[in-house]
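Coordinate inspection notes
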Amino acid sequence: MSTLTVEAGELTAAEILDALEDGQRIVVRVEMLGGVHEVTLRHDGTTYYCDTPTTLHKHQSVDEMRTCIENMGYSRDE
């Protein structure tokens with residue numbers, strides 16, 4: 001599994017989801033909690049994961065993952 005590191009807002013949600021579907025792990029650098037932190041997004045073929053500095057979030061569908069990506073500000077508008 002290759003890893004792509006991006007800044008929050010660098011890719012659209014569709015680009016992020018396409019990369020996850022292609023088997024890439026995405027590390028998003030995002031400002032939160034008073035500093036810059038890395039959030040790891042990945043997909044194991046069944047479940048989508050958002051591994052934040054405080055919690056591992058799991059999403060069961062692409063729609064749930066898209067909502068998370070957009071709501072958390074990881075992507076730019078399409």
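Residues numbered from 1 in each chain as written. Predicted model: local features only at pLDDT ≥ 70, side-chain atom pairs only at ≥ 80, totals over all residues. Heavy atoms only, no water.

1. Details of the pattern of salt bridges
For the coordinates displayed, the defined rule picks out three salt bridges. The closest approach of N and O atoms between Glu 7 and Arg 29, which form a salt bridge, is 3.2 Å. Here Arg 29 lies in strand β2 (residues 25-32) and Glu 7 lies in strand β1 (residues 3-7), a separation of 22 residues in the sequence. The partly exposed category is assigned to Glu 7, whose relative accessible area is 40%. Among the salt bridges present, the one from Glu 38 reaches Arg 29, with a minimum N-O distance of 3.7 Å. (Salt bridge = Lys/Arg side-chain N within 4 Å of Asp/Glu carboxyl O. Helix = DSSP H or I, 4+ residues; strand = E, 2+ residues; numbered from the N terminus. Buried < 20%, exposed > 50% of the residue type's maximum accessible area, 1.4 Å probe, protein only.)

2. Overview of the sheet that holds strand β5 (residues 56-59)
The strand order across the open sheet built from five strands is β1-β2-β3-β4-β5, with neighbouring strands paired in mixed fashion. Single-partner strands in this sheet number two, and they are β1 and β5. Pairs of neighbouring strands in the sheet enclose a mean axial angle of 20 degrees, with direction left out of account. In this sheet, β5 lies alongside strand β4 (residues 48-51) in antiparallel orientation, the contact comprising four bridges. Looking across to β5, one finds that Cys 50 is bridged to His 57. Of the strands in this sheet, β2, β3 (35-43) and β4 touch helix α1 (residues 13-21), which is tilted by about 50 degrees from β3. Helix α2 (residues 62-71) contacts β3, β4 and β5 of the sheet and is inclined by roughly 25 degrees relative to β4. (Pairing = 2+ DSSP bridges. Axes fitted to C-alpha atoms, helices over the stretch in contact; angles between N-to-C directions. Contact = heavy atoms within 4.5 Å.)

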